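Below, each chain spelled out in residue letters.
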Amino acid sequence: MRDWENIKWIFEKDGSLRDIYVQNVEISDWEKLIELLNSKYKISYGNEDKNYSNQIDSDYVKKMFADETGKLEMKFGRIDLNGILIVCHFILEEQIEFDICPTEINSIHELNLILEFMKSVSKKLNKKITLCGEMEPEFPLIKIDTKNEIEKILTLKEARNMQKKLTKMLVNSQNSS
């Protein structure tokens, strides 16, 4: 059983989002992801303020990745996970990125919804998936890899220790330059 008191720090309100990443993906991974999202989750797909559909258009996503003109309208996938909004961005072909607002995660029940979502994506793609601070893919707070049976949630103490080690490494590398 997870202890919410040791995990809730990940979702403390700090003005930033939390990102969920799958790295090193290909178009075939995007196709599997879109199939999963369209078949298992409540979806809204469209642009910032209009043109919503209840299915992500895989062909349009592929066109967005291939568009070198920048003229193609950017669309997003919004997943309603029992009241928690997860936004899927179609920005980089080699990286799947979702955003969540940490203030929507206030209990172990809501955390479990996020973890189950992450597990379903990891299993479908057979890849590791991480939850990180906004724009911090190098510092995973939650890591799930169903293929290798990994599920790791950092405690605050572990995160602080890692941060100290990273800071020390940066200082040492700067001093040796």
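Above this text is the structure in question.
Attention in this report is confined to the structure presented alongside it. The shown structure was predicted, so the numbers you read here are calculated from the model rather than taken from an experiment. (Residues numbered from 1 in each chain as written. Predicted model: local features only at pLDDT ≥ 70, side-chain atom pairs only at ≥ 80, totals over all residues. Heavy atoms only, no water.)

1. Comments concerning unusual backbone geometry
Put simply, the rule reads: Only DSSP runs of H or I reaching four residues or more are called helices, and only runs of E reaching two or more are called strands; each is numbered from the N terminus. Exposure classes here rest on a 1.4 Å probe applied to the protein chains alone. A residue is buried below 20% of its type maximum, exposed above 50%, and partly exposed in between.
For Asn 82, which is not glycine, the phi torsion reads 50° and is therefore positive. On the secondary structure map, Asn 82 appears in the loop between β3 (76-81) and β4 (84-92). Given the relative accessible area of 65%, Asn 82 is considered exposed.

2. A few points about helix α4 (residues 108-125)
Counted only if it meets this: The span you would expect from a helix comes to 1.5 Å times its residue count less one.
With 18 residues, α4 should reach 26 Å at 1.5 Å per residue; the first-to-last C-alpha distance of 25 Å fits that figure. All buried positions along α4 are accounted for by Leu 111, Leu 113, Ile 114, Leu 115, Phe 117, Met 118, Ser 120, Val 121, Ser 122 and Leu 125. Looking at the residues trailing α4, positive phi occurs at Asn 126, about 60°.

3. Regarding the pairing of strand β7 (residues 140-145)
Rules: Only when DSSP finds a minimum of two bridges between them are two strands counted as paired.
As paired elements, strand β6 (residues 129-133) and β7 share four bridges and run antiparallel to each other. Within β7, the position partnered with Thr 130 by the bridge is Lys 143. Judged from the four bridges that link them, β7 and strand β8 (residues 150-153) form a sheet pairing that is antiparallel. Pairing of Lys 143 across the sheet is with Lys 152, part of β8. Here β7 folds back onto β8, and the loop between the two strands holds four residues, one of which, Glu 149, carries a positive phi near 55°.

4. What to know about the nonpolar core
Stated formally: Each nonpolar core is a collection of buried residues, namely Ala, Val, Leu, Ile, Met, Phe, Trp, Tyr and Cys, held together in the definition by side-chain atoms within 4.5 Å. Note on contacts: a residue pair is in contact if any heavy atoms of the two residues lie within 4.5 Å.
Membership of the largest hydrophobic core comes to 48 residues, with the highest contact counts inside it found for Phe 11, Phe 98, Ile 114, Phe 117, Leu 131 and Ile 142. For this core, the element with the highest residue contribution is α4, accounting for eight residues. Dropping the residues within four chain positions of it, Phe 117 is found in contact with Leu 37, Tyr 41, Ile 79, Leu 81, Ile 86 and Phe 98.

5. Remarks on a nonpolar patch on the surface
Here is the rule we go by: To count toward a patch, a residue needs a relative accessible area over 30% and no salt bridge; like charges are then connected within 9 Å, while nonpolar side chains (Val, Leu, Ile, Met, Phe, Trp, Tyr) are connected within 5 Å. We get accessible surface area from the Shrake-Rupley algorithm with a probe of 1.4 Å; when it comes to residues, only the shown protein chains can shield them. Salt-bridge detection follows one rule: a side-chain nitrogen of Lys or Arg within 4 Å of a carboxyl oxygen of Asp or Glu.
Together, Met 74, Ile 91 and Leu 92 make up a nonpolar patch on the protein surface, roughly 250 Å² of accessible area in all. Along the chain, Ile 91 turns up in strand β4.

6. Quick look at the pattern of salt bridges
Side chains that differ in sign of charge can pair as their charged atoms come close. Applying the stated rule across the entire model yields 10 salt bridges. The shortest N-O distance in the salt bridge between Arg 18 and Asp 14 comes to 3.2 Å. Salt-bridge contacts for Glu 158 lead to Lys 152; the nearest nitrogen and oxygen are separated by 2.8 Å. Bridged by salt links that share partners, the residues Arg 2, Glu 116, Lys 119 and Glu 151 form one connected network.

7. Here's the deal with the packing of aromatic side chains
What counts here: Whether two aromatic rings pair depends on their centres lying within 6.5 Å, for rings of Phe, Tyr and Trp, where Trp uses its six-membered ring; planes under 30 degrees apart make the pair stacked, over 60 edge-to-face, and the rest tilted.
Applying the stated rule across the entire model yields six aromatic pairs. Considering the side-chain rings of Tyr 41 and Phe 117, the 5.3 Å spacing of their centres and the 70° angle between planes classify their relative orientation as edge-to-face. With Tyr 41 in the loop between α2 (27-40) and β2 (42-46) and Phe 117 in helix α4, this pair connects stretches of sequence that are 76 residues apart. With a centroid separation of 6.2 Å and 75° between ring planes, the pair formed by Tyr 45 and Phe 90 is classed as edge-to-face.

8. Overview of the packing of α2 against helix α3 (residues 58-66)
Note the cut-off: In this analysis an axis means a line fitted to C-alpha atoms, helices contributing only their contacting stretch, and an angle means the value between N-to-C directions, from 0 to 180 degrees. Take the far helix as your reference; a near helix turned counterclockwise from it by less than a right angle gives a left-handed crossing, and one turned clockwise gives a right-handed crossing. Under this grouping Gly is polar, as are all residues other than the nonpolar Ala, Val, Leu, Ile, Met, Phe, Trp, Tyr, Cys and Pro and the charged Asp, Glu, Lys and Arg.
Orientation of α2 relative to α3, taken along the N-to-C sense of each, is 145°, at an axis distance of 10 Å. The handedness of the crossing between α2 and α3 is right-handed. Where α2 approaches α3, its residues Ile 27, Trp 30, Glu 31 and Ile 34 are matched on the opposing element by Ser 58, Val 61, Lys 62 and Phe 65. Counted by class, the contact of α2 with α3 contains five nonpolar, one polar and two charged residues.

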